[in-house]
Amino acid sequence: MNRRIVILGFMGCGKTTVAKEVARQLDCSVVDLDSFISQRHGRSPAEIIQQDGEDSFRDVETLALRDVLQDKNARVIALGGGTWMVPANRTLIALHDCLSVWLDAPFDLCWKRINAGQTVRPLAPDRETALARYESRRADYATAEKPIAVDEFDPAEVLAAQILIET
Ligand code: S3P
């Protein structure tokens, strides 16, 4: 696999877990963009959004993505849920010839995980807001090169193998 892989999709679709598993199967390094931002800024994406607003966070996110993509060792990259929505980010990803993989999980699964998880998600404060955001993003997510349908019972190992097949 020469091309690098970026994993995208809605909050709770499993990007971080699947990216780690893809990297494990390829025996290569993985970068989680949200974690990279937290380390770099000493604040999580949620804190940046809450304190500075979403627009400010998007600027921080694009700069972080640019720097992660500069690092050729980052072979697998898990994006944040909104990263793919910013055209400049899609351009960066295309310029670096990354394979874009959309984890297409049903809303109810994402919502269940959003609720169960420890991560604070200011852009999904309630079901109605999260659903509206999910629906408004699908058309853009669907422009990714490789859509992978995800259901609740798919283990990360199987999803990762599906991503790697024929790539
Ligand atoms: C966001 C998703 C979050 C994080 C930030 C914004 C979004 O990442 O980047 O809170 O716009 O969907 P996860 O998808 O990893 O939760």
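Because the structure is predicted, anything quoted here is derived from the model rather than measured.

Undergrad: Help me understand the overall build of the chain, please; the structure alone is not making it clear to me.
TA: Secondary structure assignment for the chain yields 8 helices and 5 strands. Along its sequence from the N terminus, the chain presents helices and strands in the succession β-α-β-α-α-α-β-α-β-α-α-β-α. Its C-alpha atoms give the chain a radius of gyration of 15 Å, within 12% of the compact-globule value 15 Å for 167 residues. A principal-axis box enclosing the C-alpha atoms of the chain has dimensions of 40 × 35 × 25 Å. Buried residues in the chain amount to 44% of all 167 residues. Restricting to contacts in the chain with at least 6 residues of sequence separation, those with at least 24 account for 76%. On the chain, roughly 8300 Å² of surface is accessible, and the fraction owed to carbon and sulfur atoms is 50%. In the chain, 20 side chains carry a positive charge and 25 a negative one; their mean positions are 3 Å apart.

Undergrad: What is the right way to look at the site of the ligand in this model?
TA: Around the ligand, the surrounding shell holds 13 residues, and the nearest of these are K15, D34, R58, R121 and R137. Within the side chain of D34, one N or O atom sits 2.7 Å away from an oxygen atom of the ligand. With respect to the ligand, the side chain of R137 contributes an N or O atom lying 2.7 Å from an oxygen atom. Mapped by element, the contributors of at least two residues to the shell around the ligand are α3 (45–52) and α4 (54–70). For the shell around the ligand, the residue count by class is 5 nonpolar, 3 polar and 5 charged.

Undergrad: How do you make sense of unusual backbone geometry when you look at a structure like this?
TA: Keep in mind that most residues, glycine aside, have a negative phi and that most peptide bonds are trans. Located in the positive-phi region is D27, a residue other than glycine, with phi close to 55°. By secondary structure assignment, the location of D27 is in the loop between α1 (15–26) and β2 (30–32). The exposure class assigned to D27 is exposed, which follows from its relative accessible area of 71%. Its identity is not glycine, yet D97 carries a phi of approximately 50°, on the positive side. Here D97 is to be found in the loop between α5 (87–95) and β4 (99–104).

Undergrad: How should I be thinking about the nonpolar core in this particular structure?
TA: Note on soluble globular proteins: their nonpolar side chains tend to be buried together. Formed by 53 residues in total, the largest nonpolar core has its most connected members in L79, L103 and I163. The element best represented in this core is α4, accounting for 6 residues. Every residue in contact with L79, bar those within four places of it in the chain, is listed here: V6, I7, L8, K15, L33, L65, W84 and I93.

Procedures and definitions
Residues numbered from 1 in each chain as written. Predicted model: local features only at pLDDT ≥ 70, side-chain atom pairs only at ≥ 80, totals over all residues. Heavy atoms only, no water. Helix = DSSP H or I, 4+ residues; strand = E, 2+ residues; numbered from the N terminus. Rg over C-alpha atoms; globule rule 2.2 N^0.38 Å. Buried < 20%, exposed > 50% of the residue type's maximum accessible area, 1.4 Å probe, protein only. Contact = heavy atoms within 4.5 Å. Areas by Shrake-Rupley, 256 points an atom, 1.4 Å probe, with all protein chains shown as cover. Lys, Arg positive; Asp, Glu negative; His and termini not counted. Charge placed at Lys NZ, Arg CZ, Asp CG, Glu CD. Near = heavy atom within 4 Å. Polar contact = N/O pair within 3.5 Å; in protein donor to acceptor, adjacent residues only side chain to side chain. Nonpolar A, V, L, I, M, F, W, Y, C, P; charged D, E, K, R; others polar. Core = buried A, V, L, I, M, F, W, Y, C linked by side-chain atoms within 4.5 Å.

Geometry only, nothing functional implied.
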